[in-house]
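Structural overview
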Amino acid sequence: MEDMISSYFPIPWSMTRAEKATLIQLLQNIRPEVAIEIGTYNGGSLQVLSEFSEKVYAIDITPEYRDEQCNMLKNVEYLLGDSKVMIPQLINKINDSNENIEFVLIDGDHSTKGVLEDITNILKIVPKKPITIILHDSFNPACRKGMKAYDYSNNDYVHKVELDYVTGAFNHDGLYREMWGGFGLIQLRPDKRTELIAVSEYQGKLYRVTYFKSIHFFRKLFWFLKPIYKIFKNYPYWNKFQK
């Protein structure tokens, strides 16, 4: 399956096979009039958004990492700068225009604060059509915390929130005991919600079991050792021992 996907989308991208297949299927079904990607990096997922969307806004701060094949994506408008600045400007423009956002991929700042700010700014969209928002790396503890920090009950256009739309991975890409990947999903509709909303965590039990075996848990548990580690890390004999 990996070879099949790569034959159609040659730019490498850091997603699992399940994530790639899900993203492709979603975009094939939606075929967005306008899509937004926050966090382009080398353009792997951007090539998929470009294939199935009429227009794509790509927000990123590191254009030097962008694959040269991205130059062939003629329906993409690149917005270079911090997403905390670029998203509000873009959303204000779209809300005042006839453009119809139908898909958003959030995969930028992976800190808790950064994820929360990107979600907060994107959810200032006033939807004219249904909008599907995918939150990448929902299996990562810092990202997941940011996703859960937003008060979805205060946004009447939010009709569904699922943090485990696609389950993430443990030891992903060889990262020792780290939790990455996974798709969270937010669905917006033009009609206002009339019922209470709850954040669903379909694989919440799996997440918790994995977390207590992860490096994230031990880093948090032994946070008080971090200053000592920094001291030894800069000590010549420690560096020699590490080698």
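Preceding this paragraph is the structure being described.
Before going into details, it helps to say that this report is about the structure given with it.

Criteria and cut-off values
- Residues numbered from 1 in each chain as written.
- Predicted model: local features only at pLDDT ≥ 70, side-chain atom pairs only at ≥ 80, totals over all residues.
- Heavy atoms only, no water.
- Salt bridge = Lys/Arg side-chain N within 4 Å of Asp/Glu carboxyl O.
- Helix = DSSP H or I, 4+ residues; strand = E, 2+ residues; numbered from the N terminus.
- Buried < 20%, exposed > 50% of the residue type's maximum accessible area, 1.4 Å probe, protein only.
- Contact = heavy atoms within 4.5 Å.
- Axes fitted to C-alpha atoms, helices over the stretch in contact; angles between N-to-C directions.
- Parallel < 35°, antiparallel > 145°, perpendicular 65-115°, else oblique.
- Left-handed = near helix turned anticlockwise from the far one by under 90°.
- Nonpolar A, V, L, I, M, F, W, Y, C, P; charged D, E, K, R; others polar.
- Pairing = 2+ DSSP bridges.

Description of the pattern of salt bridges
One pass over the structure, following the stated rule, counts 10 salt bridges. A salt bridge links Lys129 to Glu33; the nearest nitrogen and oxygen atoms lie 3.7 Å apart. Remark: Glu33 occurs in the loop between helix H2 (17-30) and strand E1 (34-38) and Lys129 occurs in the loop between helix H5 (112-122) and strand E5 (131-136); sequence separation between them is 96 residues. The exposure class of Lys129 is partly exposed, given its relative accessible area of 32%. The partner of Glu77 in a salt bridge is Lys55, with the nearest N and O atoms 3.5 Å apart. Placement of Glu77 in strand E3 (residues 76-80) and of Lys55 in strand E2 (residues 55-60) is noted, with a sequence separation of 22 residues between them. In this structure Glu77 comes out as partly exposed when scored by relative accessible area, which is 30%. Relative accessible area serves as the criterion here: at 24%, Lys55 is assigned to the partly exposed category. Through salt bridges with shared partners, a single ionic network connects Arg144, Lys148, Asp164 and Glu201.

Quick look at the environment of Ile91
With respect to the secondary-structure elements, Ile91 resides in helix H4 (residues 83-95). Take Ile91: its relative accessible area is 2%, and that puts it in the buried class. Along the backbone, Ile91 and Ala149 are 58 residues apart, and their C-alpha atoms lie at a distance of 21 Å. With residues up to four places along the chain from it excluded, the contact list for Ile91 reads Ile36, Asn121, Ile122, Lys124 and Ile125.

Comments concerning the packing of H2 against helix H3 (residues 44-52)
Two numbers describe how H2 lies on H3: the axes approach to 9 Å, and their chain directions differ by 20 degrees. By the angle class used here, H2 and H3 are roughly parallel. Handedness of the crossing formed by H2 with H3: right-handed. Mapping the contact onto sequence places Leu23, Ile24, Leu27 and Gln28 in H2 and Ser45, Val48, Leu49 and Phe52 in H3. Considering only residue class, the contact of H2 with H3 consists of 6 nonpolar, 2 polar and no charged.

A word on the sheet that holds strand E9 (residues 183-188)
The sheet built from 7 strands is open, its strands ordered E3-E2-E1-E4-E5-E9-E6 with mixed pairing. Edge positions in the sheet fall to E3 and strand E6 (158-166), since each has one partner strand and no second. Here the average twist between neighbouring strands, direction ignored, is 15 degrees. Across 5 bridges, E1 lies against strand E4 (residues 101-106) in parallel orientation. What sits directly across from Glu37, in E4, is Leu105. Sheet strands in contact with H5 are E1, E4, E5 and E9, and its direction is about 175 degrees off that of E4.

Purely spatial values, then, with no claim about function.
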